[in-house]
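Chain and residue survey
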Amino acid sequence: MTWRKVFDIPPKRQARMSVLSPTAAMKGGRSKAGSSKSDSRLAVKKKTKKEKQEKDPNKPKRPPSAFFVFMEDFRKQYKEKHPNNKSVAAVGKAAGDKWKSMSEKEKIPYVTKAEKRKEEYDDKMEAYNKKLRGGGDNESNKSKSEANEDEDGVVEEQDEEGDD
């Protein structure tokens, strides 16, 4: 009596199991001697790693949220109070606790700064996307008002007539 008859295995399954040794069939493994085309169907497909798309260094960075705007100020204050603390996690935990305890009124300055940065980011992204599509002229990503400002933030007047 063979082991296949003991377990009443259907004939189709017996054919598939013929590549297995009797002990391997009981354990669910495969024998090294027998391999067939049916093995390829049962084999696990390896996932190929997708290549990451290169990041464009000219693409504007996303604006920080209100919490991260708050974190910029909080880090400075925290370092003044705790100059010996080198732990980033401790600063983050303290900032998170303070942010949670703040009222909506106290968060307003950070929310408005974040909204302003978001608008600036949208303008920069619009200019960046135009440049990618080929419709942009070779101006910098600054808005016209920023381009006319000198280093002190004073807007210089320009002649609209052109040549005098």
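Just so it is clear, the model here is predicted, and its values are computed rather than measured. Numbers given to residues run from 1 along each chain, matching the order in which its sequence is written. A pLDDT threshold of at least 70 governs which residues receive local features in this predicted model, and a stricter bar of 80 or more applies before side-chain atom pairs are shown or counted, although totals over entire chains, interfaces and linings include all residues. Water and hydrogen atoms play no part in the side-chain values, which are based on all heavy atoms of the structure.

1. Focus on the overall build of the chain
To keep it simple, the criterion reads: The helix count covers DSSP runs of H or I at least four residues long, the strand count covers runs of E at least two residues long, and both are numbered beginning at the N terminus. Residue burial is assigned from relative accessible area. The probe radius is 1.4 Å, only protein chains are included, and a residue is buried under 20% of its type maximum, exposed over 50%, and partly exposed in between.
Summing up its helical and strand segments, the chain has 8 helices and 0 strands in all. If you list the helices and strands of the chain from N to C, you get α-α-α-α-α-α-α-α. Within the chain, buried positions represent 17% of all 164 residues.

2. Things to note about the packing of helix 5 (residues 66-81) against helix 6 (residues 88-101)
Put simply, the test is: Interaxial angle, 0 to 180 degrees, is taken between N-to-C directions of lines fitted to C-alpha atoms, where a helix line uses only the stretch in contact. An angle below 35 degrees is read as roughly parallel, one above 145 as roughly antiparallel, one from 65 to 115 as roughly perpendicular, and any other as oblique. Take the far helix as the reference: if the near one is turned anticlockwise from it by less than a right angle, the crossing is left-handed, and if turned clockwise, right-handed. The criterion used for residue contact is that any of the two residues' heavy atoms lie within 4.5 Å.
Between helix 5 and helix 6, the shortest axis-to-axis distance is 10 Å and the interhelical angle comes to 120°. Accordingly, the angle class assigned to the pair helix 5 and helix 6 is oblique. Considering only the axes of helix 5 and helix 6, their crossing is right-handed. Each of Ala66, Phe67, Phe70, Met71, Phe74, Arg75, Gln77 and Tyr78 in helix 5 lies in contact with helix 6, whose residues at this interface are Ala90, Val91, Gly92, Ala94, Ala95, Gly96, Lys98 and Trp99.

3. Re the packing of aromatic side chains
Put simply, the rule is: Two aromatic rings from Phe, Tyr or Trp, using only the six-membered ring of Trp, form a pair when their centres are within 6.5 Å; if the ring planes differ by under 30 degrees the pair is stacked, by over 60 it is edge-to-face, and anything between is tilted.
Counting across every chain of the model gives 8 aromatic pairs. A connected cluster of aromatic rings, assembled from ring pairs, spans Phe67, Phe68, Phe70, Phe74, Tyr78, Trp99 and Tyr110.

4. Overview of the confidence of the model for the chain
Detailed reading of the predicted coordinates is not advisable wherever pLDDT falls low. To keep it simple, the criterion reads: One number per residue, pLDDT, summarises how confident the predictor is, and it ranges from 0 to 100.
Looking at the chain, the pLDDT average stands at 75 and 58% of residues meet or exceed 70. Across the chain, the secondary-structure element scoring lowest on mean pLDDT is helix 8 (residues 144-148), at 49, and the one scoring highest is helix 7 (residues 104-133), at 95. Predicted confidence for residues 147-152 stays below pLDDT 50, and this span has 8 contacts to residues more than four positions away or in other chains.

5. Topic: the nonpolar core
Put simply, the rule is: Nine residue types can take part in a nonpolar core, namely buried Ala, Val, Leu, Ile, Met, Phe, Trp, Tyr and Cys, and a core is a set of them joined through side-chain atoms within 4.5 Å.
The biggest cluster of nonpolar side chains holds 12 residues, and these are Ala66, Val69, Phe70, Met71, Phe74, Tyr78, Val91, Ala95, Trp99, Met102, Tyr110 and Ala114. If you list the elements that add at least two residues to this core, you get helix 5, helix 6 and helix 7. Ranked by residue count, the leading element in this core is helix 5, at 6 residues. The residues contacting Met102, other than those within four sequence positions of it, are Phe70, Lys107 and Tyr110.

6. Thoughts on the environment of Asp56
Definition in use: A 3.5 Å cut-off defines polar contacts: any pair of N or O atoms within that distance qualifies, except that in protein one atom must be a possible hydrogen donor and the other a possible acceptor, and neighbouring residues in sequence count only when both atoms are side-chain atoms.
Mapped onto the elements of the fold, Asp56 is located in the loop between helix 4 (37-42) and helix 5. In this structure Asp56 comes out as partly exposed when scored by relative accessible area, which is 31%. Separated by 3.1 Å, the side chain of Asp56 and the backbone nitrogen of Asn58 make a polar contact. A polar contact is formed between the side chain of Asp56 and the side chain of Tyr128, at a distance of 2.4 Å.

7. Some thoughts on helix 6
As a reminder of what qualifies: Expected span of a helix, by definition, is 1.5 Å for each gap between consecutive residues, and there is one gap fewer than residues. For this quantity, the arc is that covered by the directions from the helix axis to the C-beta atoms.
Under the 1.5 Å per step criterion, the end-to-end length of helix 6 is 20 Å for 14 residues, consistent within 8% with the ideal 20 Å. For helix 6, every residue scored as buried is listed here: Val91, Ala95, Gly96 and Trp99. Along the axis of helix 6, the buried residues cluster in a sector spanning 130°; they form a single face. Exposed side of helix 6, more than 90 degrees from the buried face: Ala89, Lys93, Lys100 and Ser101 are the residues found there. Each element contacted by the buried residues of helix 6 is listed here: helix 5 and helix 7. By the N-cap criterion, in which a side-chain oxygen at the helix start approaches the backbone nitrogen of a residue two or three places on, helix 6 is capped by Ser87, the distance to Ala89 being 3.4 Å.

8. Let's talk about helix 7
Test applied: Note that the bend at a residue is defined as the angle between axes fitted to the seven residues ending at it and the seven residues starting at it.
Between the first and last C-alpha of helix 7 there are 41 Å, a value that for 30 residues agrees with the 44 Å anticipated at 1.5 Å per step. For helix 7, the principal kink sits at Tyr110 and spans about 30°. Among the residues of helix 7, those classed as buried are Lys107, Tyr110, Ala114, Tyr121, Met125 and Tyr128. The secondary structure elements touched by the buried residues of helix 7 are helix 5 and helix 6.

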